[in-house]
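Coordinate analysis (summary)
Read off the chains here:
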Amino acid sequence: MSPRRNRPKDAGSSGRSGGEDPSDRYGGWQSTESWQGEEWSVRHVAGASAQGKTYRCPGCDQLIPSGVPHVVAWPEHSGVDERRHWHKACWNAKDRRTSRVQRSRNAPRF
C-alpha cells in the first residue's frame, strides 16, 4: 500500500495551485451573499482554525473568543481590508437587527 497523497497532482512543487487564495488556510468555505445592495464575500471559519486571537463582532459588539467558529465578511468591492468577524448567529440575524448598536462611551468603534 502506498502512502496517502496530501496534495493534488497538478498543484506543483509548493503544494498550492497558482490561482489559489492564500487565505484558504483558515478552513471552512467561502461564498458570496447580497446584503444592503452590495455583494459580500463570506467565509465560514472553523473553530480549530480560529486559534490565538479574539475579535469583536459588529453585530452584537461582544468578543468572539479564540477557538469559536464564526463568519468573516467583507464587501467585494473594497477587498479584505474591510473584513469583519461576526458570530454566525449575528451574521444570520443582521437583517433583523437595528442599525444603531448601543456602546458605552469608552468602547472602541470597530
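Our subject is the structure listed above.
Residues numbered from 1 in each chain as written. Predicted model: local features only at pLDDT ≥ 70, side-chain atom pairs only at ≥ 80, totals over all residues. Heavy atoms only, no water.

**Details of the overall build of the protein chain**
Within the protein chain, the secondary structure is distributed over 1 helix and 6 strands. In sequence order, the secondary structure elements of the protein chain are arranged as β-β-β-β-β-β-α. Here the protein chain, with 110 residues, has 26% of them falling under the buried criterion. Taking the intrachain contacts of the protein chain between residues at least 6 apart in sequence as the baseline, contacts between residues at least 24 apart amount to 42%. (Helix = DSSP H or I, 4+ residues; strand = E, 2+ residues; numbered from the N terminus. Buried < 20%, exposed > 50% of the residue type's maximum accessible area, 1.4 Å probe, protein only. Contact = heavy atoms within 4.5 Å.)

**A look at the side chain of Ser-41**
Tracing the backbone shows Ser-41 in strand S2 (residues 38–45). Taking relative accessible area as the criterion, Ser-41 reaches 6% and is therefore assigned buried. There is a polar contact of 3.4 Å between the side chain of Ser-41 and the side chain of Glu-76. Setting aside its immediate chain neighbours within four residues, Ser-41 contacts Gln-30, Ser-31, Val-72, Ala-73, Trp-74 and Glu-76. (Polar contact = N/O pair within 3.5 Å; in protein donor to acceptor, adjacent residues only side chain to side chain.)

**Quick look at the packing of aromatic side chains**
In this structure the tally under the stated criterion is 5 aromatic pairs. Measuring from ring centre to ring centre gives 6.0 Å for Trp-35 and Trp-86, while their planes differ by 85 degrees; the resulting arrangement is edge-to-face. In this pair, Trp-35 is assigned in strand S1 (residues 30–35) and Trp-86 in strand S6 (residues 84–86), connecting sequence segments 51 residues apart. For the pair formed by Trp-35 and Trp-86, the shared burial category is buried. (Phe/Tyr/Trp six-rings, centres within 6.5 Å; stacked < 30°, edge-to-face > 60°.)

**A few points about the pairing of S1**
Along a regular strand, successive side chains alternate from one face of the sheet to the other. Here S1 pairs with S2 via 6 bridges, running antiparallel. The partner of Gln-30 across the bridge, within S2, is Arg-43. Counting the residues between successive antiparallel strands, the hairpin from S1 to S2 contains 2 residues, one of them, Gln-36, with a positive phi of roughly 55 degrees. (Pairing = 2+ DSSP bridges.)

**As for the side chain of His-70**
Its place among the elements puts His-70 in strand S5 (residues 70–75). For His-70, a relative accessible area of 3% translates into the label buried. Side-chain polar atoms of His-70 contact the backbone oxygen of Val-68, separated by 2.9 Å. Reaching out from His-70, the side chain makes a polar contact with the side chain of His-85 at a distance of 2.9 Å. Not counting the four nearest positions on each side in its chain, His-70 is found in contact with Arg-43, His-44, Val-45, Ala-50, Tyr-55, Ile-64, His-85, Trp-86 and Lys-88.

**Some thoughts on the sheet that holds S2**
Strands belonging to one sheet form pairs held by backbone hydrogen bonds; the direction of such a pair is parallel or antiparallel. Sheet architecture is open: 4 strands sit in the order S1-S2-S5-S6, paired in antiparallel fashion. Strands at the two margins of the open sheet, each flanked by one partner only, are S1 and S6. For this sheet, the mean inter-axis angle between neighbouring strands, taken without regard to orientation, is 35 degrees. Sheet topology note: the S2/S5 ladder contains 6 bridges and is antiparallel. Within S5, the position partnered with Val-42 by the bridge is Ala-73. (Axes fitted to C-alpha atoms, helices over the stretch in contact; angles between N-to-C directions.)

In short, shape yes, function no, at least from these values alone.
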